Amino acid sequence: MDVLLTSDVLRAARSLLGLSQRSLEVRVELARSSIVAAESENSAASSTTIFKLRDFYVTNGLEFLGTIDVATGKAYGVGVRWRMPSQLPPSGDLESIVSTRGSGLAFVAARSLLNKQQSEIAAILKITEYRVRILETDKAIDVVAAKVLRSYYEGQGVEFLGWEDISRELYYGVGVRWKA
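Described in the following lines is the structure provided in the data block.

About the thresholds
The residue numbers shown here count from 1 along each chain, following its written sequence. Totals for whole chains, interfaces and linings use all residues, but because this is a predicted model, local features are given only for residues with pLDDT of at least 70 and pairs of side-chain atoms are given and counted only at 80 or more. Hydrogens and waters are ignored; side-chain quantities use all the structure's heavy atoms. Runs of H or I in DSSP of at least four residues are treated as helices and runs of E of at least two as strands, each being numbered from the N terminus. Note on exposure labels: buried denotes an accessible area under 20% of the residue type's maximum, exposed denotes more than 50%, and partly exposed covers the range between, all computed with a 1.4 Å probe on protein chains only. Contact between two residues is taken to exist if any of their heavy atoms lie within 4.5 Å; hydrogens are not considered. Calculation of accessible area relied on Shrake-Rupley with a 1.4 Å probe; when residues are assessed, cover is drawn exclusively from the protein chains displayed. Between the rings of Phe, Tyr and Trp (Trp by its six-membered ring), a pair exists once the centres lie within 6.5 Å; its type follows the angle of the planes, with under 30 degrees stacked, over 60 edge-to-face, and the other angles tilted. Any Lys or Arg side-chain nitrogen located within 4 Å of an Asp or Glu carboxyl oxygen qualifies as a salt bridge. Nitrogen and oxygen atoms within 3.5 Å of one another constitute a polar contact, given that in protein one can donate a hydrogen and the other can accept it, and given that sequence-neighbouring residues count only through two side-chain atoms.

### Here we look at the overall build of the chain
Line of reasoning, step 1. The number of helices and strands found in the chain is nine helices and four strands.
Line of reasoning, step 2. For the chain, the residues scored as buried account for 41% of the 180 residues in total.
Line of reasoning, step 3. Considering only residue pairs separated by 6 or more positions, the chain has 57% of its internal contacts joining residues 24 or more positions apart.
Line of reasoning, step 4. If you sum the accessible surface of the chain, you get close to 9,700 Å²; carbon and sulfur atoms cover 51% of it.

This is how it looks when you write it as structure tokens:
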């Protein structure tokens, strides 16, 4: 089954891979204007562009989520996350496609779903842009600010995905989706 690949989910996927539009342009061999169109709220990208982006993201370890109600055409739980390993700890080929990065990456993806800049989030939450940037890097030690940021995103309808292997400080299936 194909999942609806909306502009917000495509932005979140790029964020999970830590890519800029320019670096994605080179890696996928698409014109930057095609990527901008695919990630734009008001523009429709070609199906060729969407398929090429989807294939690139899936090949690089991401999976797209969500369902579409056939009767209403409404999408539920649309999002993206790093593929979950079929076994723990992952071994062999699984190691190359399973991300073990932490929740900071999910903050970047959540911001991408909302199509906001770090400066906008900082202004809304009345914290510094530097603090938002640090929270997005997994180097945050400010637990209070992390809870504020997470609560803001959840209040906007974003659901955080993934789980942590505390003993090894690894994270699996990190991603975001719209609450169903």
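### A closer look at the packing of aromatic side chains
Line of reasoning, step 1. Evaluation of the coordinates by the stated rule reveals six aromatic pairs.
Line of reasoning, step 2. These aromatic residues form a ring-pair network of at least three members: F107, Y152, Y153 and F160.

### Observations concerning unusual backbone geometry
Line of reasoning, step 1. Of note, the phi angle at E29 is positive, near 60°, even though the residue is not glycine.
Line of reasoning, step 2. Here K126, not a glycine, exhibits a phi torsion of approximately 60°, which is positive.
Line of reasoning, step 3. Structurally, the position occupied by K126 is in the loop between helix 7 (118-125) and helix 8 (129-135).
Line of reasoning, step 4. On the accessibility criterion, K126 (73% relative accessible area) is exposed.

### Overview of the environment of R133
Line of reasoning, step 1. Considering the arrangement of structural elements, one finds R133 in helix 8.
Line of reasoning, step 2. The spatial distance from the C-alpha of R133 to the C-alpha of Q118 is 7.0 Å, given a sequence separation of 15 residues.

### Some remarks on the pattern of salt bridges
Line of reasoning, step 1. Tallied over the entire structure, the rule returns seven salt bridges.
Line of reasoning, step 2. The partner of R11 in a salt bridge is E41, and the shortest N-O contact between them spans 2.8 Å. With R11 in helix 1 (residues 7-16) and E41 in the loop between helix 3 (32-38) and helix 4 (47-59), the pair connects residues that are 30 residues apart, well separated along the chain.
Line of reasoning, step 3. A relative accessible area of 5% places R11 in the buried class.
Line of reasoning, step 4. Between E159 and R177 there is a salt bridge; the shortest N-O distance is 3.2 Å. With E159 in strand 3 (residues 158-165) and R177 in strand 4 (residues 170-178), this pair connects stretches of sequence that are 18 residues apart.

### Some thoughts on the side chain of R11
Line of reasoning, step 1. Only 2.9 Å separates the side chain of R11 from the backbone oxygen of S112, close enough to count as a polar contact.
Line of reasoning, step 2. The residues touching R11, leaving out its near neighbours within four places in the chain, are E39, E41, S112, L113, L114 and N115.

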